[in-house]
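Below, each chain spelled out in residue letters.
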Amino acid sequence: MEMNTNIALVLVLAPLVGFLINVFFGKNLGKTVSGALGTLSVFVSFIGACYFFGGLSASKEAIQISLFDWIQIGTFKIDLGFLIDQLSVLWLLFVTGIGSLIHLYSISYMHDDENMHKFFAYLNLFVFFMITLVIGSNLLVLFIGWEGVGLCSYLLIGFWYKNQDYNDAAKKAFIMNRIGDLGLLIGIFILGRQFNTLDYTSLKTIISGASELNLYAVAVAAFALFIGACGKSAQIPLYTWLPDAMAGPTPVSALIHAATMVTAGIFMITRLNFIFDLAPDVQNIIAIVGAITSLVAATIGLAQNDIKKVLAYSTVSQLGLMFLALGLGAYEVAVFHVITHAFFKACLFLGSGSVIHALHGEQDMRNMGGLRKVMPVTFITMLVSSLAISGVPLFSGFFSKDEILLTAFHHNIPLWVIGSVASIMTAFYMFRLLFLTFFKEFRGTEEQKHHLHESPALITVPLIILAILATFGGLISLPGNSWLNHYLIPILPKLATAEHHLGTTEYALMAIAVIGGIVGIAIAYFKYIKNDTVPPADAEITGFTKVVYNKYYVDELYDTLFVKTTNALSHFFRDYVETGISSFVFGLGKVTNELGFYGRKVQNGSVGLYLFAFVLGLCAIISFLFLAQ
């Protein structure tokens, strides 16, 4: 037990140590050393995660580690502790594993940045908080990690702080996450009030053993927790921060906005599945919001020309599909898609970073083209990941996305239709990205063309590893023989009795999904390869395409409804209310000042006058005493 505690502490604290060394001594250590140190600290955590994965594979028993009593108020007691079980270990593996690859990639990608040591410090701090979020044994420890990753997201999105637009994007992410976090806090308060504990194991025991529950309070708590998940995992209406978060360096987009932070909401809902199962109405809301988010984000992705913006809306769309699965009670399917998505989306983001690196900061796909000849490794890895996200058979995304659509078909056919349409759009916009970036002739400047080159090994090796995972990652949950489902039985007991068989309906649905994906790819091929279409300049975009290109003007709507009204309210308080209060306060001061000024004149230093006043006062007091009697 003591060994488990020590390894868990190393697993959690290694990135924190990396952060502290880099933030205080990184500039003196030099770029290469600070990069290597940051990468090594996360890799140490990955080795710790592998140790616990091996231990849990041999024994199904979850490891409970209580470090010390943290808060005690009467019978309400919270420990600072860790819960290492199948769910937390899965998250730990891809957070630290993909995190290590992204750190490795960043050594080369960020090498020319003067603040490289600070970048690695922030990345390490992010991984520390993400591990804390995942490994915590109760909701309060999760909340520490939850707020921590929000802070690190703010620091990393606004890393190039000399650009005011990037600062605005960072503030937007921070504020929108706070809205969701208020929901999370309310949910935590309700659960604490109802069950007198925030510990996951205790909550599960109490709920499973209770003869009667206040289902209304549980449903309100579940809905509040879902609002928290909406903020962190970018669901409607709190999704607009994530595309703007592309302002951060590309490794940030890959780590935070593809593989880890945005999956925190899915982790939290899966962890508390026993609470959400008691609130079917909230589950319906989750499924509907997920499906609508998936479709809306996919339509916006169709018309974007910034390579990272396409991937950002793709992420929002895929997160919507995961929430669709959660809302239908298929938690294991959502977890499966989280894992496969982490592989292919991290690869796509890092691939886009490789392209941007080669083009010295160019992100507009209209100024790319023909790159597959000079960047073959980047092209092949992005092709593999695009096939995976499009649901092409035998690639990882085919298995996980198909399971979501199968589940939706069996529960709610309208939601299945929405998910299927979003999937077809995904195939179209991903191959639109691929064709515009890598095919035909190069459309950039002659100077850019002269400097085109494949990225160095530190960038391409992580791409290759992620592309391999994107290809074979689906093998962890094959239809009818799912290792993942079997592994998650301790977390989701219903999987032990669930039937997983494939009939005619399932095969027909698979065929429809595959044909849909191929249709999406074919439309992109005919439009951008056969007809050699190049998206028009911003000024030439018209009609519905303009509406989609401008993201349905949701940002403008929020700006009008919330930003401008908040600013107007602030100006009103500043110009009128605060001025009035200040005038009143300063007025009191002026009255006192004036009274003092005239009172001072009485004090003229004449002893005779003072004696006269003394006698008058004494006479007045004596007269009052006699009259009072």
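Note that this is a predicted model, so its numbers are computed, not measured. (Residues numbered from 1 in each chain as written. Predicted model: local features only at pLDDT ≥ 70, side-chain atom pairs only at ≥ 80, totals over all residues. Heavy atoms only, no water.)

1. Here's the deal with the overall build of the chain
- When helices and strands are counted, the chain shows 25 helices and two strands.
- Counting only C-alpha atoms, the chain reaches 115 × 70 × 55 Å along its principal axes.
- A buried classification covers 54% of the 629 residues belonging to the chain.
- Sequence separation of 24 or more characterises 80% of the internal contacts of the chain that already satisfy a separation of 6 or more.
- Carbon together with sulfur atoms contributes 68% to the accessible area of the chain, which is approximately 26900 Å² in total.
- Here the chain carries 34 positive and 38 negative side-chain charges, and the mean point of each set is 6 Å from the other. (Helix = DSSP H or I, 4+ residues; strand = E, 2+ residues; numbered from the N terminus. Buried < 20%, exposed > 50% of the residue type's maximum accessible area, 1.4 Å probe, protein only. Contact = heavy atoms within 4.5 Å. Areas by Shrake-Rupley, 256 points an atom, 1.4 Å probe, with all protein chains shown as cover. Lys, Arg positive; Asp, Glu negative; His and termini not counted. Charge placed at Lys NZ, Arg CZ, Asp CG, Glu CD.)

2. Side note on a nonpolar patch on the surface
- A contiguous nonpolar surface patch, about 720 Å² in accessible area, is contributed by Val-607, Leu-611, Phe-614, Val-615, Leu-618, Ile-622 and Phe-626.
- Mapped onto the secondary structure, Val-607 falls in helix α25 (residues 607–628).
- Taking the relative accessible area as the measure of exposure, Val-607 reaches 56% and is therefore exposed. (Patch = residues over 30% accessible without salt bridge, like charges linked within 9 Å, V, L, I, M, F, W, Y side chains within 5 Å. Salt bridge = Lys/Arg side-chain N within 4 Å of Asp/Glu carboxyl O.)

3. Concerning helix α20 (residues 457–472)
- With 16 residues, α20 should cover 22 Å at 1.5 Å per step; its first-to-last C-alpha distance of 22 Å lies within 8% of that length.
- When α20 is considered as a whole, its buried residues turn out to be Ile-459, Thr-460, Pro-462, Leu-463, Leu-466, Ala-467, Ala-470 and Thr-471.
- In this structure, the buried side of α20 is in contact with α3 (86–109), α15 (331–358), α16 (376–389) and α17 (396–411). (Expected span 1.5 Å × (residues − 1).)

4. A short note on the packing of aromatic side chains
- Applying the stated rule across the entire model yields 31 aromatic pairs.
- Between Trp-91 and Phe-267, the ring centres sit 5.2 Å apart and the planes meet at 65°, which makes this aromatic pair edge-to-face. Of this pair, Trp-91 sits in helix α3 while Phe-267 sits in helix α11 (residues 264–271), and the two are 176 residues apart along the sequence. This pair shows no difference in class: Trp-91 is buried, exactly as Phe-267 is.
- An aromatic cluster is defined as three or more aromatic residues linked by ring pairs; in this entry it consists of Phe-379, Phe-431, Phe-435, Phe-438, Phe-439, Tyr-525 and Phe-526.
- For the cation-ring pair, Arg-178 lies above Phe-174, with the distance from its terminal atom to the ring centre recorded as 4.3 Å. (Phe/Tyr/Trp six-rings, centres within 6.5 Å; stacked < 30°, edge-to-face > 60°. Lys NZ or Arg CZ within 6 Å of the ring centre and 35° of its normal.)

5. Considering the nonpolar core
- Residues Trp-91, Phe-126, Ile-269 and Phe-276 are the most contacted members of the largest nonpolar core, which totals 201 residues.
- Top contributing element to this core by residue count: α15, with 18 residues.
- Excluding residues within four positions of it along the chain, Phe-126 makes contact with Val-149, Cys-152, Leu-156, Leu-255, Ile-256, Thr-260 and Met-261. (Core = buried A, V, L, I, M, F, W, Y, C linked by side-chain atoms within 4.5 Å.)

6. Looking at the packing of helix α2 (residues 31–58) against helix α4 (residues 116–135)
- The contact between α2 and α4 brings their axes to 9 Å, and the two run at 10°. Considering the angle they form, α2 stands roughly parallel to α4. Between α2 and α4, the residues in contact are Lys-31, Ser-34, Gly-35, Gly-38, Thr-39, Ser-41, Val-42 and Ser-45 and Met-116, His-117, Phe-120, Asn-124, Val-127 and Ile-131, respectively.
- Residues that form the contact of α2 with α4 fall into these classes: five nonpolar, eight polar and one charged. (Axes fitted to C-alpha atoms, helices over the stretch in contact; angles between N-to-C directions. Parallel < 35°, antiparallel > 145°, perpendicular 65-115°, else oblique. Nonpolar A, V, L, I, M, F, W, Y, C, P; charged D, E, K, R; others polar.)

7. So, the UniProt feature "domain: NADH:quinone oxidoreductase/Mrp antiporter transmembrane" (unreviewed entry) in the chain
- In this numbering, the UniProt entry assigns the feature "domain: NADH:quinone oxidoreductase/Mrp antiporter transmembrane" (unreviewed entry) to residues 137–426.
- Within the segment residues 137–426, helix and strand shares are 76% and 0% respectively, and the terminal C-alpha atoms sit 37 Å apart. (UniProt positions renumbered as here; feature names shortened; annotations may be inferred.)

8. Some points on the side chain of Gln-318
- The residue Gln-318 is located in helix α14 (residues 307–327) in this model.
- In this structure Gln-318 touches His-337, His-341, Lys-345, Ile-389, Lys-401 and Thr-426, once residues within four positions along its chain are discounted.

9. A closer look at the pattern of salt bridges
- With the rule as written, the count across this model stands at 12 salt bridges.
- Of the charged contacts in the structure, one is a salt bridge between Asp-364 and Arg-366, with a shortest N-O distance of 2.8 Å.
- For Arg-366, a relative accessible area of 14% translates into the label buried.
- One salt-bridge network, held together by shared partners, links Asp-69, Lys-77 and Asp-79.

10. What about the domain arrangement of the chain?
- The domains assigned to the chain are domain 1 (1–205 + 230–263) and domain 2 (558–628).
- Between the C-alpha centres of domain 1 and domain 2 the distance comes to 55 Å. (Domains from an automatic or database assignment.)

11. A few points about helix α22 (residues 504–530)
- Given a rise of 1.5 Å per residue, 27 residues ought to cover 39 Å, and the 36 Å separating the end C-alpha atoms of α22 matches this to within 8%.
- Along α22, the positions that sit buried rather than exposed are Glu-506, Leu-509, Met-510, Val-514, Gly-516, Gly-517, Gly-520, Ile-521, Ala-524, Tyr-528 and Ile-529.
- The elements touched by buried residues of α22 are α17 and α18 (413–438).
- Directly after α22, the chain includes Asp-532, whose backbone phi takes a positive value near 55°.

12. Quick word on the pairing of strand β2 (residues 76–84)
- Where strand β1 (residues 63–73) lies against β2, nine bridges are found, and the strand directions are antiparallel. Within β2, the position partnered with Gln-72 by the bridge is Lys-77.
- Where β1 folds back on β2, the antiparallel hairpin that results is connected by two residues, among which Gly-74 adopts a positive phi of roughly 65°. (Pairing = 2+ DSSP bridges.)

13. Re the packing of α3 against helix α10 (residues 250–259)
- Contact pair α3 / α10: the axes reach a minimum separation of 9 Å and the direction vectors enclose 170°. As far as their axial angle goes, α10 and α3 are roughly antiparallel. Contact residues: Phe-94, Ile-98, Gly-99, Ile-102, Tyr-105, Ser-106 and Tyr-109 in α3; Thr-250, Pro-251, Ala-254, Leu-255 and Ala-259 in α10.
- Here the contact of α3 with α10 is composed, by residue class, of nine nonpolar, three polar and no charged.

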